[in-house]
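Structural characterization, general
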Protein chains: 2
Amino acid sequence: MRIGELSRRTGVSVPTIKFYVREGLLPAGELTSPNQASYGETHVQRLRLIRALLDVGGLSVAAIREVIVAVDDRERSMHTVLGVTATRLVPRYDRESGAAIEEARKRVAELVAARGWHAYPENPAGEALAAALAALDDVGHGGFVEILDAYADAAERVARADMDYVAHHVAREALVESAVVGTVLGDAIFAALRRLAHVDASNRVFGRPGDEEGATGPT
Amino acid sequence: MRIGELSRRTGVSVPTIKFYVREGLLPAGELTSPNQASYGETHVQRLRLIRALLDVGGLSVAAIREVIVAVDDRERSMHTVLGVTATRLVPRYDRESGAAIEEARKRVAELVAARGWHAYPENPAGEALAAALAALDDVGHGGFVEILDAYADAAERVARADMDYVAHHVAREALVESAVVGTVLGDAIFAALRRLAHVDASNRVFGRPGDEEGATGPT
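Numbers given for residues are sequential positions, taken from 1 along each chain in its written order. Naming scheme: in the order in which they are written, chains are lettered from A and ligands are numbered from 1. Predicted model: local features are reported for residues with pLDDT of at least 70 only, side-chain atom pairs are reported and counted for 80 or more only, and whole-chain, interface and lining totals are derived from all residues. Excluded from the side-chain calculation are hydrogens and water; included are all heavy atoms of the structure.

Under an unreviewed UniProt entry, the name given to chain A is MerR family transcriptional regulator, and the organism recorded is Streptomyces narbonensis.

Next comes the structure, spelled out in structure tokens:
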């Protein structure tokens, strides 16, 4: 199809499509004449993936490019690519030093060991966890570590469900792309569910008749 | 203290502190002379909150301003402010139309009803959930709704732990600020834990001897 139809099919404007091609997010169309290119279903699918990661996942163009390079790299083993996917899709921090972050890293290492997780605590996800724990400590919420196990239980529950979904719904060749989508959109889904559960809890604990608007009404 | 000491105490540069004051994130210091202001512990605490929301939470300055206005508004009821907090800290979407998003909203309403959650599905968290489900459907993962209950179970587990933490560790006057911090940093913590659990699962399912680097090594 021509770029105009690709734009209609996906709701992405022609200049934006050209931008994605320039940025290396979308493969160029096949030249059918010196000034005309033809696009296929793979372009439609890839554009939907890009929009999902951008609009719902909130990823930067740079982060999406990095992930898509991994998705397209057929050389690497599935395990390596899934590892890249899982570890790239976290905010990166300059490795800080100082007592707070060192203490937080120790806690992360202890948690990973206690859970028997096959993962190096030094990987970016572990580092992101340590940074968040250190930040909580910094704003006076070091006590949060007491409920860290409840978070870890929930994370295991969700990760198991993710694997079930993959086993039942995802063809092997679509596995990496699905891992990217599921990782990013799964975050958005869990965050939204957690807020809904908070709204419910707030209603039960603090709600008064005629005072539902703030927590639960359209705002 | 003077702005230079505030900068040393918090690790935030003087120009950045002045920027936060201009942007309404940080109250101005008390003028002790026409060209000198004095800052207190409340400024230290507020700067740490801003940095946590920016660096770990990844919130925009505009989003932080909106949340801080709610935190500082002592007029509103606790419940209303918590509601604003829970619902502002989600990405906002233009209300789309179309079959996919309408179907997704129906599923969200069904989920909220089935869970007995005291929350309007139309609130921003429900809308964010619908947008994420619609995006999954759009990229060929409509089957994800089959594991949505597992996500909801995990979200309830985490929300209960959050409320336990608040009940045991948070003074009433610090409740709203804690809700903001806990909501934003809790997202980051859960996302990091979920990735660690994914790395573990990937190791178990796809790992081969000598092939751990990709998934678990420092990358």
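On we go.
1. Re the nonpolar core
One finds A:Leu129, A:Ile189, A:Leu193, B:Ile189 and B:Leu193 to be the most contacted residues of the largest nonpolar core, which totals 129 residues. Beyond its immediate sequence surroundings of up to four residues, B:Leu193 is in contact with A:Leu111, A:Trp117, A:Leu129, A:Leu148, A:Tyr151, A:Ala152 and A:Ala155. Nonpolar cores are built from buried Ala, Val, Leu, Ile, Met, Phe, Trp, Tyr and Cys residues. Side-chain atoms within 4.5 Å join them into one set. Partly exposed describes any residue whose relative accessible area lies between the buried limit of under 20% and the exposed limit of over 50%, with all areas from a 1.4 Å probe on protein chains only and scaled to the type maximum. It only takes one pair of heavy atoms within 4.5 Å for two residues to be counted as in contact.

2. Concerning the packing of helix 1 (residues 3–10) of chain B against helix 2 (residues 14–22) of chain B
Residues and elements named next belong to chain B. One can describe the packing of helix 1 onto helix 2 by two numbers: an axis separation of 9 Å at closest approach and a directional angle of 100°. What the angle tells us is that helix 1 and helix 2 run roughly perpendicular. Across from Ile3, Gly4, Leu6 and Ser7 in helix 1, the residues of helix 2 making contact are Val14, Ile17 and Lys18. Per-class residue counts for the contact of helix 1 with helix 2 are four nonpolar, two polar and one charged. Between N-to-C directions, angles cover 0 to 180 degrees, with each direction set by a line fitted to C-alpha atoms, over the stretch in contact for helices. Numbering of helices and strands runs from the N terminus; a helix is a DSSP stretch of H or I covering at least four residues, while a strand is a stretch of E covering at least two. To sort the angles, those under 35 degrees are grouped as roughly parallel, those over 145 as roughly antiparallel, those from 65 to 115 as roughly perpendicular, and the leftovers as oblique. Note on residue categories: nonpolar means Ala, Val, Leu, Ile, Met, Phe, Trp, Tyr, Cys or Pro, charged means Asp, Glu, Lys or Arg, and polar means any other residue, Gly included.

3. A few points about the environment of B:Tyr39
Residues and elements named next belong to chain B. Within the secondary structure, tyrosine 39 sits in the loop between strand 2 (36–38) and helix 3 (41–56). Look at tyrosine 39 and you get buried, because its relative accessible area is 10%. Distance from tyrosine 39 to leucine 196, taken between C-alpha atoms, is 41 Å for residues 157 residues apart in sequence. Each residue touching tyrosine 39, except ones within four places of it in the same chain, is listed here: Met1, Arg2, Ile3, Leu6, Ala28 and Gly29.

4. Quick notes on helix 1 of chain B
All names here are of chain B. Those residues of helix 1 that sit buried are Ile3, Leu6, Ser7 and Thr10. In an axial view of helix 1, the angular spread of the buried residues amounts to 100°, which keeps them on one side of the axis. The inward-facing, buried residues of helix 1 contact helix 2, strand 2 and helix 3. Just past helix 1, the residue glycine 11 takes up positive phi, approximately 75°. The arc refers to the directions leading from the helix axis to the C-beta atoms.

5. A look at the pairing of strand 1 (residues 30–33) of chain A
The side chains of a regular strand alternate, residue by residue, between the two faces of the sheet. Residue and element names in this part refer to chain A. Strands are treated as partners if at least two bridges between them are detected by DSSP. In the sheet, strand 1 pairs with strand 2 (residues 36–38) via three bridges, with the strands oriented antiparallel. Residue pairing in the sheet places serine 33 in a bridge with glutamine 36 of strand 2. Here strand 1 hands over to strand 2 after two residues, the two strands then running antiparallel side by side.

6. A closer look at the UniProt feature "domain: HTH merR-type" (unreviewed entry) in chain A
UniProt positions are given in the numbering used here, feature names are shortened, and annotations may be inferred rather than shown by experiment. Cross-referencing UniProt, the feature "domain: HTH merR-type" (unreviewed entry) maps to residues 1–70 of chain A in the present numbering. Between the C-alpha atoms that bound residues 1–70 of chain A the distance is 27 Å, and the span itself is 61% helix and 10% strand.

7. A closer look at the pattern of salt bridges
Here, a salt bridge means any side-chain nitrogen of Lys or Arg that lies within 4 Å of a carboxyl oxygen of Asp or Glu. Applying the stated rule across the entire model yields 30 salt bridges over all chains. Between A:Glu127 and A:Arg105 there is a salt bridge, with its nearest N and O atoms 2.6 Å apart. Of the two residues, A:Glu127 sits in helix 7 (residues 124–138) while A:Arg105 sits in helix 6 (residues 99–115), which places them 22 residues apart along the sequence. Note on accessibility: A:Glu127 and A:Arg105 belong to one class, buried. B:Arg105 is the salt-bridge partner of B:Glu102, the closest N and O atoms lying 2.9 Å from each other. A residue pair is termed a helical-turn pair when its members lie 3 or 4 positions apart in one helix, as B:Glu102 and B:Arg105 do in helix 6 (residues 99–115) at three residues. Bridged by salt links that share partners, the residues A:Arg115, A:Asp149, A:Asp153, A:Glu156 and B:Arg157 form one connected network.

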